[in-house]
Amino acid sequence: MARALRETLREDERAFIIGEDIGPYGGSYAVTAGFLDEFGPSRIVESPISESGIVGIGTGSAMVGLRPIVEIMTINFSLLALDQIVNHAAKIRYMSSGQFSVPVIIRTVTGGGAALAATHSQNLEGWYASVPGLKVVIPATPHDALGLFRSVRKEQDPVMFIEHILLYSTRGEVPEDYYEVPVGEANVKRAGKDFTIIAYSRMVNVALAAAEKLAEEGVDVEVVDLRCLRPWDKETVFESVKRTGRALVLEEAWQTGAFGGEIASAVQREVFDYLDGPVARLGGVDVPTPYSMSLEPLVAPREDSVVKTVREELGS
């Protein structure tokens, strides 16, 4: 992400970043380390602890022609800016009859797994994906993070750009040549013919690991990475399920009320005639995330629980 942000600031003089601890400290995840020295305090704006104020500044500056990148330290803290995000940024274009647009990018971090306890380990991206006027982008790989951010820079509407806390340590190939990943375009991360797993963010890696384990048993699993929740790529998902006849929607968020229910419903309705069984779902356990490092891994879906679910759906 550092490459994507640095590229944006160098190429667009309208762009600036505002958030908590992004200056001298270099960001909670070291993404903006060295940025203050390179770009100065007018482009790297250190803010007080006021998420509502940060998003409000981002929304207002976007309305008058700037290209703000708002950093909310974690998606949990975005609840303090919910009114600014949902009732202002997402609705200003509509309520002004197109007189104003709000091209603000709201970067934030989702997910558990880092022993940060219940109030700092939630997956709230699905909530934002239900809001008209917002776009929700949630990459799973370094390649997709850079390519999607380049596309997001061209958007005229507010975008939630959501990064999983455990993916900062992952590595992957990123081309030197310029490329973009279109917003709203899913990607088949692994081709297969027996079963489709639809996932996003960190669960893509879990799905791929489970697919390799199932391959040892002769089950060929296709893994579809949504990459975006709003808009989400129905065509790619539907075509995959048509090929395999089976589907599991996998996500880390609490299963009750999670965005996966929307995906499962759409697949069940639109691809019903191709299904060999009901669409399965696997999400997080409906409990606050434990602080205990021995208990926390049991809350989110794991490789073994995905393998178990697929076996059960296949009756094996």
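Cut-offs used in this document
Residues numbered from 1 in each chain as written. Predicted model: local features only at pLDDT ≥ 70, side-chain atom pairs only at ≥ 80, totals over all residues. Heavy atoms only, no water. UniProt positions renumbered as here; feature names shortened; annotations may be inferred. Helix = DSSP H or I, 4+ residues; strand = E, 2+ residues; numbered from the N terminus. Rg over C-alpha atoms; globule rule 2.2 N^0.38 Å. Buried < 20%, exposed > 50% of the residue type's maximum accessible area, 1.4 Å probe, protein only. Contact = heavy atoms within 4.5 Å. Axes fitted to C-alpha atoms, helices over the stretch in contact; angles between N-to-C directions. Parallel < 35°, antiparallel > 145°, perpendicular 65-115°, else oblique. Left-handed = near helix turned anticlockwise from the far one by under 90°. Nonpolar A, V, L, I, M, F, W, Y, C, P; charged D, E, K, R; others polar. Patch = residues over 30% accessible without salt bridge, like charges linked within 9 Å, V, L, I, M, F, W, Y side chains within 5 Å. Areas by Shrake-Rupley, 256 points an atom, 1.4 Å probe, with all protein chains shown as cover. Salt bridge = Lys/Arg side-chain N within 4 Å of Asp/Glu carboxyl O. Pairing = 2+ DSSP bridges. Polar contact = N/O pair within 3.5 Å; in protein donor to acceptor, adjacent residues only side chain to side chain. Core = buried A, V, L, I, M, F, W, Y, C linked by side-chain atoms within 4.5 Å.

The protein chain goes by Pyruvate dehydrogenase E1 component subunit beta, mitochondrial in an unreviewed UniProt entry, where it is assigned to Geodia barretti. The UniProt entry for the protein chain carries the following text under Catalytic activity (unreviewed entry): "N(6)-[(R)-lipoyl]-L-lysyl-[protein] + pyruvate + H(+) = N(6)-[(R)-S(8)-acetyldihydrolipoyl]-L-lysyl-[protein] + CO2".

(A) View of the overall build of the protein chain. Helix and strand counts for the protein chain come out as 11 helices and 12 strands. Whereas a compact globule of 316 residues would reach a radius of gyration of roughly 20 Å, the protein chain reaches 20 Å, a difference of no more than 12%. Along the first, second and third principal axes, the C-alpha set of the protein chain runs to 60 × 45 × 40 Å. Residues classed as buried in the protein chain amount to 55% of the 316 residues present. Sequence-distant contacts in the protein chain: of pairs separated by 6 or more residues, those separated by 24 or more amount to 81%.

(B) Focus on the packing of helix α8 (residues 202–215) against helix α11 (residues 303–314). Relative orientation of the contacting elements α8 and α11 amounts to 55°, with a least axis distance of 8 Å. The angle between α8 and α11 places the two elements in the oblique class. The interaxial crossing formed by α8 with α11 has right-handed handedness. Contact residues: α8 offers V206, A209, A210, K213 and L214, while α11 offers E303, V306, V307, V310 and R311. Across the contact of α8 with α11, the residue classes tally to 7 nonpolar, no polar and 3 charged.

(C) Examining the UniProt feature "domain: Transketolase-like pyrimidine-binding" (unreviewed entry) in the protein chain more closely. When the UniProt feature table is mapped onto this chain, "domain: Transketolase-like pyrimidine-binding" (unreviewed entry) is found at residues 1–170. End-to-end, the C-alpha atoms of residues 1–170 are 12 Å apart, and along that stretch the chain is 32% helix and 17% strand.

(D) Main features of a nonpolar patch on the surface. Taken together, L79, L82 and W127 make up a surface patch of nonpolar side chains, about 270 Å² in accessible area. Mapped onto the secondary structure, L79 falls in the loop between β3 (67–72) and α4 (82–89). Overall, L79 belongs to the partly exposed group, its relative accessible area being 36%.

(E) Representation of the sheet that holds strand β12 (residues 280–284) in the model. Sheet architecture is open: 5 strands sit in the order β7-β9-β8-β11-β12, paired in mixed fashion. On the outer flanks of this sheet lie β7 (187–190) and β12, each paired with one strand and no other. For this sheet the average axis-to-axis angle between neighbouring strands, irrespective of direction, equals 25°. Bridge count for β7 against strand β9 (residues 221–225) is 3 bridges, and the pairing is antiparallel. Counted as the bridge partner of N187 is D225 from β9. Contacts between α11 and the sheet are confined to β8 (195–199), β11 (247–254) and β12, with β8 contributing the most and set at about 140° to the helix.

(F) Broad picture of the environment of S121. Position of S121 relative to the elements: it lies in the loop between β4 (105–110) and α6 (125–128). Considered as a pair, S121 and I75 are 46 residues apart in the sequence and their alpha carbons are 8.7 Å apart. For S121, the residues in contact, after removing those within four places along its chain, are N76, G111, G112, L116, T289 and E296. Polar contacts involving the side chain of S121 include one to the main-chain carbonyl oxygen of A117, which spans 2.6 Å.

(G) Geometry of helix α7 (residues 142–152). Among the 11 residues of α7, 9 are classified as buried, and the element is accordingly described as predominantly covered. Among the residues of α7, D144, A145, L146, G147, L148, F149, R150, S151 and V152 are the ones counted as buried.

(H) Seen up close, the nonpolar core. By size, the foremost hydrophobic cluster in this structure holds 50 residues, and its most contacted members are I85, I198, V237 and V267. Going through the elements one at a time, β1 (15–19), α3 (51–63), β3, α4, β6 (159–164), α9 (234–244), β11 and α10 (260–270) are the ones with two or more residues in this core. Broken down by element, the residue count for this core peaks at 4 residues, all from α10. Not counting the four nearest positions on each side in its chain, V267 is found in contact with I198, V237, F238, V241, F272, L275 and V279. In this structure, L9, F39, I69 and F149 belong to the second largest nonpolar core, which totals 23 residues.

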